[in-house]
Amino acid sequence: MTTEPPVRTTKPRQVRPATEGWSQKKDAEGRPLLQFASPKRGKPPVHLADLTPEQRVEKVKELGMPGFRAKQLEKHYFTHFTHDPADMTDLPAEGREEFVHGMLPPLLTEVRRLETDRGDTIKFLWKLHDGALVESVLMRYPGRITLCVSSQAGCGMNCPFCATGQAGLTRNMSAAEIIEQIVRANRVIADGQLGGKKRDDHSAERVSNIVFMGMGEPLANYARVMQAVRVMTDKAHGLGMSARGVTVSTVGLVPAITKLANEDIPVTFALSLHAPDDRLRDELIPVNSRWKVDEALDAARAYFDKTGRRVSIEYALIKDMNDHAWRADLLAEKLNARGRGWVHVNPIPLNPTPGSIWTASEVPVQNEFVRRLNDAGIPTTLRDTRGKEIDGACGQLVATEDDQAVAAVTPLED
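The name given to the protein in an unreviewed UniProt entry is Probable dual-specificity RNA methyltransferase RlmN, with the source organism recorded as Microbacterium gallinarum. Turning to the protein, the UniProt annotation filed under Sequence similarities (unreviewed entry) states: "Belongs to the radical SAM superfamily. RlmN family." Here is the UniProt Subcellular location (unreviewed entry) comment for the protein, exactly as written: "Cytoplasm".

Student: Can you walk me through unusual backbone geometry in this structure?
Tutor: It is generally the case that most residues other than glycine have a negative phi and that most peptide bonds are trans. Located in the positive-phi region is Asp264, a residue other than glycine, with phi close to 65°. Along the chain, Asp264 turns up in the loop between helix 7 (254-261) and strand 9 (268-272). The backbone of His274 shows a phi angle near 70°, a positive value even though the residue is not glycine. Along the chain, His274 falls in the loop between strand 9 and helix 8 (278-284). Judged by relative accessible area, His274 falls into the buried class, the value being 8%.

Student: I tried to follow the UniProt feature "binding site: S-adenosyl-L-methionine" (unreviewed entry) in the protein on my own but got confused; where do I start?
Tutor: The feature "binding site: S-adenosyl-L-methionine" (unreviewed entry), as given by UniProt, occupies Gly216, Glu217, Ser249, Ser272, Leu273, His274 and Asn351 in the numbering adopted here. Here Gly216 is to be found in the loop between strand 7 (209-212) and helix 6 (222-233). The class for Gly216 is buried, based on a relative accessible area of 15%. For Gly216, the contacting residues outside a window of four places in its chain are Ser151, Gln152, Gly154, Cys155 and Thr164. Position of Asn351 relative to the elements: it lies in the loop between strand 11 (343-349) and helix 11 (363-375). The exposure class of Asn351 is buried, given its relative accessible area of 3%.

Student: Explanation requested: the nonpolar core in the structure shown.
Tutor: For soluble globular proteins, the rule of thumb is that nonpolar side chains tend to be buried together. Within the largest apolar cluster, 108 residues are counted, with the highest numbers of intra-cluster contacts made by Leu138, Ile179, Val207, Ile210, Phe212 and Met232. For this core, the element with the most residues is helix 5 (residues 175-190), which contributes nine residues. Among all residues touching Phe212, those that are not within four sequence positions of it are Val149, Ser151, Ile178, Pro218, Val225, Val229, Met232, Val246, Thr247, Val248 and Ser249. Core analysis: the second largest hydrophobic core is formed by seven residues, Tyr141, Val211, Met213 and Ala270 among them.

Student: I tried to follow the UniProt feature "active site" (unreviewed entry) in the protein on my own but got confused; where do I start?
Tutor: Mapped onto the present numbering, the UniProt feature "active site" (unreviewed entry) falls on Glu135 and Cys394. Locating Glu135 in the fold gives a position in strand 3 (residues 133-141). Polar side-chain contacts of Glu135 include one of 3.4 Å to the side chain of Lys123.

Student: I tried to follow helix 5 on my own but got confused; where do I start?
Tutor: What sets the pattern is the α-helix's 3.6 residues per turn: residues three or four places apart point alike. Relative to the 22 Å expected for 16 residues at 1.5 Å per residue, helix 5 spans 23 Å between its end C-alpha atoms, a close match to the ideal helical length. The buried fraction of helix 5 is high, at 14 of 16 residues. Positioned one or two residues after helix 5, Gly192 has a phi angle of 75°, which is positive.

Student: Would you mind going over the confidence of the model for the protein with me for this structure?
Tutor: Detailed reading of the predicted coordinates is not advisable wherever pLDDT falls low. Overall, the predicted model of the protein reaches an average pLDDT of 90, with 90% of residues at or above 70. Low pLDDT (under 50) marks residues 390-397, which in the prediction has 37 contacts with non-local residues, meaning those over four places away or in another chain.

Student: Could you clarify how one ought to interpret the environment of Gly240 in this entry?
Tutor: With respect to the helices and strands, the residue Gly240 is situated in the loop between helix 6 and strand 8 (246-250). Using a relative accessible area of 30% as the deciding quantity, one classes Gly240 as partly exposed. Note: C-alpha distance between Gly240 and Pro255 (15 residues apart in sequence) is 28 Å. With residues near it in sequence (within four places) discarded, Gly240 still touches Val231, Met232, Thr233, Asp234 and Lys235.

Student: How do you make sense of the sheet that holds strand 4 (residues 144-148) when you look at a structure like this?
Tutor: Here nine strands make up an open sheet; going across it, the order is 1-2-3-4-7-8-9-10-11 and the pairing mixed. With one partner strand each, in any of the chains shown, strand 1 (109-115) and strand 11 form the two edges of the open sheet. Strand-to-strand, the axes of this sheet are offset by a mean angle of 20°, without reference to chain direction. The pairing of strand 4 with strand 7 spans three bridges and is classified as parallel. Residue Cys148 lies in a different strand from strand 7, and its bridge partner there is Val211. Here helix 5 sits on the sheet and contacts strand 1, strand 2 (121-127), strand 3, strand 4 and strand 7; the angle it forms with strand 3, its principal contact strand, is near 45°.

Student: Just checking my understanding: could you explain the packing of aromatic side chains for this structure?
Tutor: How two aromatic rings sit relative to each other is given by the distance of their centres and the angle of their planes. Summed over all chains, the structure comprises six aromatic pairs. Centre to centre, the rings of Phe36 and Trp291 are 6.3 Å apart; their planes meet at 80°, and the pair counts as edge-to-face. Of this pair, Phe36 sits in the segment before helix 1 (53-62) while Trp291 sits in the loop between helix 8 and helix 9 (293-307), and the two are 255 residues apart along the sequence. Of the residues examined, Trp291 reaches a relative accessible area of 18% and is grouped as buried. The ring of Tyr141 has Arg144 sitting right over it, with the charged end atom 4.2 Å from the ring centre.

Student: Would you mind showing me how to read the pattern of salt bridges here?
Tutor: When the charged atoms of two side chains lie near each other, side chains of opposite charge can form a pair. Scanning all chains against the criterion turns up 30 salt bridges. Taking the shortest distance from any N to any O, the salt bridge between Arg31 and Glu29 comes out at 3.3 Å. The class of Arg31 is partly exposed, set by a relative accessible area of 48%. Using a relative accessible area of 58% as the deciding quantity, one classes Glu29 as exposed. A single network of salt bridges, built from pairs that share partners, joins Asp329, Glu368, Arg371, Arg372 and Asp375.

Student: Sorry, what's going on with the environment of Asp277 here?
Tutor: Within the secondary structure, Asp277 is located in the loop between strand 9 and helix 8. Distance in space between the C-alpha atoms of Asp277 and Leu330 is 8.0 Å, their sequence separation being 53 residues. Residues in contact with Asp277, not counting those within four places in the same chain, are Val293, Trp326, Arg327 and Leu330. Polar side-chain contacts of Asp277 include one of 2.8 Å to the side chain of Arg327.

Parameters and conventions
Residues numbered from 1 in each chain as written. Predicted model: local features only at pLDDT ≥ 70, side-chain atom pairs only at ≥ 80, totals over all residues. Heavy atoms only, no water. UniProt positions renumbered as here; feature names shortened; annotations may be inferred. Helix = DSSP H or I, 4+ residues; strand = E, 2+ residues; numbered from the N terminus. Buried < 20%, exposed > 50% of the residue type's maximum accessible area, 1.4 Å probe, protein only. Contact = heavy atoms within 4.5 Å. Core = buried A, V, L, I, M, F, W, Y, C linked by side-chain atoms within 4.5 Å. Polar contact = N/O pair within 3.5 Å; in protein donor to acceptor, adjacent residues only side chain to side chain. Expected span 1.5 Å × (residues − 1). pLDDT = per-residue confidence, 0-100. Pairing = 2+ DSSP bridges. Axes fitted to C-alpha atoms, helices over the stretch in contact; angles between N-to-C directions. Phe/Tyr/Trp six-rings, centres within 6.5 Å; stacked < 30°, edge-to-face > 60°. Lys NZ or Arg CZ within 6 Å of the ring centre and 35° of its normal. Salt bridge = Lys/Arg side-chain N within 4 Å of Asp/Glu carboxyl O.

Okay, structure coming up:
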């Protein structure tokens, strides 16, 4: 019988956040630069998923078809996961291609996909209409299929341990570009290209869970993300998914958290905290200079009060940086000060990125961190990290130079 080595009892080593292999963008005062506004670029073409059901009917009429054709297009796109006019034989043959292209213009071009050996995790690299690159990750778990979607090309939050943040913000994605990631993933599943299905798994063969944990800060692209969520959860005119299966994550944009709580859409809300003390979080999560730890936690608690939906706290465990036992105790103290039963903590061993000197906490340290939270009455579960071998895990999504070279010679889909 083997036993784990004891957790260190000497004074813990404190590593300060630092960049290696890249330069963090700074503002005129020398603080990490935050990009809340999307750089101006050409907008993607307007798509069915960008429009409300009423707007779709009007657009169909503008294209010379009777309004009921909007419902037919919704079924093809959201139920059969196709935008190919050849599949839509219930539409009149004359003018069909022009009509379908006008309502369902191409948005994503698949540049490449990487799979794990078992085939139960697939990372997609997509090229948008303007050449911007984004990634999404499709994962099969027992009884469910999860898609990690991107909401921005790049990210403007400038967190030094995240590969996406190192790249900066290229632009916001449209609602339809977000939805198209789901539709294309559902097509892959329908075609039998996602492995890992067990014989006794009788769950539906489509994406059941969405996590906004791909590229981008979702709440910095608020209006388009919320339009996408409405389309995901619309049972009559959209994908018909359960709002409870949709997780919206943020690094702590407090005013937007308050807006989200008032949307009357009971999505799961996740706060990427990563440190319970302002001194360290200011360095790890630059937006903490705007809204401090206690402000973010107050907003998260208010989300629970408004929606009744338990909040998730995401916490990347980084060796000798934020994994100290006293930080677990401080986190538990701050969460319990706001009541019981409202929160769940998901520690995640850090996924290393190119150019980073940081690494995941040692297993005994991870276990001690989790134990202290659980002993304090905070439900805590160490997150299973999927996709590390294909750089598809949390914080690893970034378009590499090789990706950009392949994308440059990949023609956009017609």
